[in-house]
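Results of the structural survey
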Amino acid sequence: MPNFYENTGYWKFDVKNTFNTPSLSTYALPQTPLNFIPSPTIFEENYSNFYILWDFGDGSTMQKAFSANHYFYYPGKYRVTMNLMLSSGEAVLDSFAQEVTIRDFIPNTYAFATSANGMALYAGEYSDEIKLERWNSLQSYDYVDGYNFYLNLSGSNSDYFDKEKFKKEPYSFLLPTHRFVQRELIGSLYSDTIINKLSTNSVLLYGKTLDTNEHGLSNLVVSASATDPNAFFVGTSGHGQFNLVDDTQNTNNTYAFATLDTTNFPDNYTEYYNYPLNDSLPIKNVDSSYITIARVAYKEPDKFSVTSNGLDGEGFLLPSFNIGNNTGGGAGTKYKESPINFVVKFKYDSDYSVKPDINTLFYFGDKEANKYSLPETRDAVNTGSQNYVDLYLVNSAYEKILDLNDTNLVTTTIDYSLFKDKRYGFLKGNFVVKESTDLSGYQVALSAQGLIRTKTGDKVVKTTEEDLAGQFFNIYSNQGVNKIAKINENADMTDILKSYAFQPVINNSPTLWDPFVSTILGTLSSDTNAIGKRIYEKTANFLKNNVNIDTCNIFNLFSYAEEYNVNLDDYAANNLLINYPADLSQMVNMYSIKKSLLWGRRLQDRYNFRDVYNESTLTFPVNKEEAAQYYIDGKNYGNNVGEQLGINSTIQRSDNFLVAKEIYSGTYKMVNTDLSANQGVNSATYPFSTFNSSLTGWGWGFTLPAEIDPNNTELSSNWYTLSDYYEVFRFNDVVPGKYVGNLINWDDEYQTTVDLQGDLQLSATYLPSYLSDFADTPLAAWDKSGGIVDQNLSYQLAVGLNLLSATS
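Reading the values: rules and limits
- Residues numbered from 1 in each chain as written.
- Predicted model: local features only at pLDDT ≥ 70, side-chain atom pairs only at ≥ 80, totals over all residues.
- Heavy atoms only, no water.
- Helix = DSSP H or I, 4+ residues; strand = E, 2+ residues; numbered from the N terminus.
- Buried < 20%, exposed > 50% of the residue type's maximum accessible area, 1.4 Å probe, protein only.
- 1 Å grid on protein atoms, 1.4 Å probe; cavity = no way out; pocket = protein on both sides within 12 Å on 5 of 7 lines; lining within 4 Å.
- Points joined across faces, edges and corners; volume = space filled by probe spheres on them.
- Nonpolar A, V, L, I, M, F, W, Y, C, P; charged D, E, K, R; others polar.
- Axes fitted to C-alpha atoms, helices over the stretch in contact; angles between N-to-C directions.
- Parallel < 35°, antiparallel > 145°, perpendicular 65-115°, else oblique.
- Left-handed = near helix turned anticlockwise from the far one by under 90°.
- Contact = heavy atoms within 4.5 Å.
- Core = buried A, V, L, I, M, F, W, Y, C linked by side-chain atoms within 4.5 Å.
- Arc of directions from axis to C-beta.
- Polar contact = N/O pair within 3.5 Å; in protein donor to acceptor, adjacent residues only side chain to side chain.
- Phe/Tyr/Trp six-rings, centres within 6.5 Å; stacked < 30°, edge-to-face > 60°.
- Lys NZ or Arg CZ within 6 Å of the ring centre and 35° of its normal.
- Salt bridge = Lys/Arg side-chain N within 4 Å of Asp/Glu carboxyl O.
- Pairing = 2+ DSSP bridges.
- Patch = residues over 30% accessible without salt bridge, like charges linked within 9 Å, V, L, I, M, F, W, Y side chains within 5 Å.
- Areas by Shrake-Rupley, 256 points an atom, 1.4 Å probe, with all protein chains shown as cover.

1. A word on the overall build of the protein chain
Helix and strand counts for the protein chain stand at 16 helices and 40 strands. In the protein chain, which comprises 808 residues, the proportion classed as buried is 44%.

Structure (structure tokens):
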């Protein structure tokens, strides 16, 4: 083999791009490799006698070939070496190296939209949406966690919103903080998520190579559509957006930074050394993008917001945590002798929260004026005094009906220890309405008004009627309201057993029955789950509770499902049914039955004509109101017969019907009053004296003697003859309205306290119009928020959780 030692250093190679043009640079794309070709020399004919090994400097496997083609996965500068080996492969005869530059076609860059730079904020208000845009090369496309950016605000006077603190202190959102928020519109409300890392979407980018290249690297690849047949993937672009909020005013610039999270980001370093992509790697050094916030300006509060916990929406009204949450359509339910929690907060008219450090709030009802420097009167903020808030319960007309400062009727407690050093712009506490306080007939809302100090002077701030519109709730007795009992739950087991005791010494025992037996088994006024009532009900309602699939208890319903191989796991777990407390279990069993079976149906018989109370005299009710009252009083007959008509009576066509009684047989029939012009009636009213019995006349179908001449012009004589055979009465269009086929015992005065009349007068109770929709009665909101089902379940939960302090 020849010895070429004297030619050492003359072995070279050329570098050409995909267009076969000499170039020492290209893109990090499979479609744009570099070609490495040994340069022609005087020893060209001897190349075949040597091995050529190509080392590309990127950690890839060396190639053994006369010339090499290679693309570089990551951008950077690489030293490519051509090694000429002896034919034995044992030693390097010569080598030559050149440096090539590899670039990303889509450079890894990101930046805030220029429109966000230099923005000014108001303390507490959300900024306009800030957009961050990015472009990334294809090498990072398989990045598992996506493209995320850490967000930070430098120079703020507020603390950073710490989610970990929020987990430990649920009310930490009341503190003045700065935070980054993403919001999503769900229905008509926004869902806000506080973030410290911004995720971006991804749009795939494509390119293609040209047939020729005339202008160097810049035209190796051009952008293309994904649908182009020659297109290939070159990288991604994306963006994310968020809102910035800072609760504390600041006249200095602050800076919002975004830094790419490269913890698990692939790069040539980790690829070359085969390092795993995991959190054990340090965050790589990358530049940050930032924008300047010119200022965070102070603005005076406009109003108070009152909710149960202070979560009232930012930039919109969130009803979810109103004191009496009525998003389901009914008023909320609260109870006397039970703490009713509230948070009063400053708000702008834009419905953003205000937390100025000059507005620490105190309750005017606190009598320790010296301790908190409260003003002497409600009409001024005295020099050096604190800002104060007055609290009232108002009715639906926004009239004050209860001052929370009235210690005879209500007890109000304020929590001054929570965030005492930064308790800005909110007041947290609870009030307890005493059982003796009369709030009957009222739906109430908690209203706040205060006189506060601002940077420009004193200002009155109060809740607005608009904001209170959806916050009304009921405050019921601590004994519950609208309780429900089933038929056969009104048994008096003590009285039943006493009726079996025939021996005088037992029957007349002064202590055996009360308090001994009555304490154990209960009486008629005991709760439905008293032992005596429960035993009686289980026995009397055995078939309904166990056999009838429409009315059986839930436990038995699961047994039926198991018997017929029906899976009910999607609805409830069987073991949950065993663990309900007795009172709650009774309600769950009852309210699982469809409403029509629970309520039953109401009798609507309109043909109660016979007066069985006193047939010898006319004791028919005169009008509908009296007829309805007869039904309520328990009288069941004759109610549809009203005032008797005489010759001078006027008939109303709009009454539709009259009632006629045949004197000789005592039978009743209804006759039509809505006569037509063909029957001689042209007006809305007509006199009874004009009665015409002819076949072409009124058509009432009366049975009259033949001697009555239908052509007699003296029509009044027809009436006189009619009165010998018929008595005619007005028709009272009322119905009994009693329930039949019902499971609820509407007559259980000790448990079923549902007022079926509601706000209607008794005279309107059993009119047909009432039966159609139960308007203005508790039954209209049976299964709505704040309705009867809600009231009973919430009461039992309050009792079980010991939230009622005076239940018995």
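2. Notes on empty space enclosed by the protein
Sizing a probe to match a water molecule and rolling it over the atoms shows the empty space that remains. Summed over all chains, the structure comprises one cavity of 30 Å³ or more. Computed from the structure, the largest cavity encloses a volume of approximately 40 Å³. As for the largest cavity, its lining consists of Ala123, Gly124, Asp247, Gln249, Tyr298, Lys299, Tyr348, Val354, Lys355 and Pro356. A class-by-class count of the residues in the lining of the largest cavity yields five nonpolar, two polar and three charged.

3. Regarding the packing of helix 5 (residues 493-500) against helix 7 (residues 512-521)
Two elements in contact, helix 5 and helix 7, have axes whose closest approach is 9 Å; the angle formed by their N-to-C orientations is 125 degrees. It follows that helix 5 is oblique to helix 7 by the angle criterion. Crossing of helix 5 over helix 7 shows right-handed handedness. In this structure, helix 5 uses Met493, Thr494, Leu497 and Lys498 to contact helix 7, whose residues at the interface are Trp513, Val517, Ser518 and Leu521. Broken down by class, the residue content of the contact of helix 5 with helix 7 amounts to five nonpolar, two polar and one charged.

4. Remarks on the layout of surface pockets
A volume near 530 Å³ is recorded for the second largest pocket. Looking at the second largest pocket, it is lined by 22 residues, and the ones nearest its centre are Phe173, Asp192, Ile194, Leu311 and Glu314. Listed by contribution, the elements that provide at least two residues to the lining of the second largest pocket are helix 1 (163-168), strand 14 (177-186) and strand 15 (189-195). The dominant element in the lining of the second largest pocket, judged by the number of residues it contributes, is strand 15, at four residues. Among the residues forming the lining of the second largest pocket, the class breakdown is 10 nonpolar, four polar and eight charged.

5. Concerning the nonpolar core
Residues Val344, Leu391, Leu393, Phe431, Leu446 and Ile475 are the most contacted members of the largest nonpolar core, which totals 37 residues. Every element with two or more residues in this core is listed here: strand 22 (303-307), strand 24 (340-347), strand 25 (361-363), strand 26 (387-394), strand 28 (410-414), strand 29 (426-433), strand 30 (445-454) and strand 32 (473-476). Ranked by residue count, the leading element in this core is strand 24, at four residues. In terms of nonpolar packing, the next biggest core, distinct from the first, is built from 22 residues, Tyr110, Leu244, Phe265 and Ile293 among them.

6. Some remarks on helix 13 (residues 624-632)
Of all the positions in helix 13, only Ala627, Ala628, Tyr630 and Tyr631 are classed as buried. Taken end-on, helix 13 shows its buried residues confined to a sector of 150 degrees, consistent with a single buried face. Two or three places before Glu626, at the opening of helix 13, Asn623 has a side-chain oxygen 2.8 Å from that residue's backbone nitrogen. Immediately downstream of helix 13, the backbone of Gly634 shows phi near 100 degrees, a positive value.

7. Description of helix 8 (residues 531-540)
Among the residues of helix 8, Gly532, Lys533, Arg534 and Glu537 are the ones counted as buried. Buried residues along helix 8 sit in contact with helix 5, helix 7, helix 9 (542-546) and helix 11 (582-591).

8. Concerning the packing of aromatic side chains
The full count for this structure, using the stated rule, is 34 aromatic pairs. A centroid spacing of 5.1 Å and a plane angle of 10 degrees characterise the contact between Phe304 and Phe346, whose relative ring orientation is stacked. With Phe304 in strand 22 and Phe346 in strand 24, this pair connects stretches of sequence that are 42 residues apart. This pair shows no difference in class: Phe304 is buried, exactly as Phe346 is. What links up through ring pairs into an aromatic cluster is the set Phe13, Phe36, Trp54, Phe56 and Phe96. Above the face of the Tyr298 ring, Lys455 is positioned so that its terminal group lies 4.9 Å from the ring centre. Across the ring face of Trp599, the terminal group of Lys595 is positioned such that the distance to the ring centre comes to 5.0 Å.

9. With respect to the pattern of salt bridges
A complete count under the given rule lists 26 salt bridges for this structure. For Glu489, the salt bridge is made with Arg534, and the minimal N-O distance between the two is 3.1 Å. Here Glu489, found in the loop between strand 32 and helix 5, pairs with Arg534, found in helix 8; they are 45 residues apart in sequence, far enough to count as distant. Residues Glu489 and Arg534 agree in their burial class; the two are buried. Among the salt bridges present, the one from Arg730 reaches Glu643, with a minimum N-O distance of 3.4 Å. Taken together, the residues Arg730 in strand 39 (residues 726-731) and Glu643 in strand 34 (residues 641-644) connect sequence positions 87 residues apart. According to the relative accessible area criterion, Glu643 is partly exposed, its value standing at 39%. Linked through salt bridges whose partners overlap, the residues forming this network are Asp312, Glu314, Lys345 and Lys347.

10. Re the side chain of Asn478
Locating Asn478 in the fold gives a position in the loop between strand 32 and helix 5. Within the local environment of Asn478, its side chain forms a polar contact with the side chain of Gln479, the two groups lying 3.3 Å apart.

11. Focus on the sheet that holds strand 21 (residues 288-297)
Spatial ordering of the open sheet is given by 10-21-20-12-16, a layout of five strands whose pairing is mixed. The open sheet has two edge strands, strand 10 (119-122) and strand 16 (197-199), and neither has a second partner. Mean inter-strand twist for the sheet, computed between neighbouring axes without regard to direction, equals 35 degrees. As paired elements, strand 10 and strand 21 share four bridges and run parallel to each other. For Met119, the partnering residue across the bridge sits in strand 21 and is Ile293.

12. Some remarks on the pairing of strand 36 (residues 657-662)
As judged from the five bridges shared by strand 36 and strand 37 (residues 668-672), these two strands associate in the antiparallel manner. From the neighbouring strand, Ala660 faces strand 37, where its bridge partner is Lys669. Adjacent in sequence and paired antiparallel, strand 36 and strand 37 are bridged by five residues, among which Gly666 carries a positive phi angle near 75 degrees.

13. Things to note about unusual backbone geometry
Note that the residue after Asp514, namely Pro515, is joined by a cis bond; omega there is 25 degrees. Of note in the backbone geometry, Tyr398 takes a positive phi value of approximately 65 degrees without being a glycine. As for its position among the elements, Tyr398 is in the loop between strand 26 and strand 27 (400-403). Residue Tyr398 is classed as partly exposed on the basis of its relative accessible area of 26%. Even without glycine at this site, Asn656 takes up a positive phi of about 70 degrees. Structurally, Asn656 can be placed in the loop between strand 35 (650-652) and strand 36.

14. Side note on a nonpolar patch on the surface
On the surface, a nonpolar cluster with roughly 380 Å² of combined accessible area is contributed by Phe516, Ile520, Ile531 and Ile535. Along the chain, the position of Phe516 falls in helix 7.

15. Considerations on the sheet that holds strand 28
Read across the sheet, four strands follow the order 22-24-29-28 without closing on themselves; strand pairing throughout is antiparallel. Unpaired on one side and paired on the other, strand 22 and strand 28 mark the two borders of the sheet. For this sheet, the mean inter-axis angle between neighbouring strands, taken without regard to orientation, is 25 degrees. Strand direction decides the pairing type here: strand 24 and strand 29, joined by six bridges, are antiparallel. Bridging from a neighbouring strand, Lys345 pairs with Phe426 of strand 29.

16. What about the packing of helix 11 against helix 16 (residues 788-800)?
In helix packing, the relevant descriptors are the interaxial angle and the interaxial distance, both defined with respect to the helix axes. As a packed pair, helix 11 and helix 16 sit with axes 10 Å apart at the nearest point and diverge in direction by 160 degrees. Judged by the inter-axis angle, helix 11 sits roughly antiparallel to helix 16. Here the hand of the crossing between helix 11 and helix 16 comes out left-handed. Listed contacts from helix 16 to Asp583, Leu584, Met587 and Tyr591 of helix 11 are Ile788, Val789, Asn792, Leu793, Gln796 and Leu797. Here the contact of helix 11 with helix 16 is built from residues that sort into seven nonpolar, two polar and one charged.

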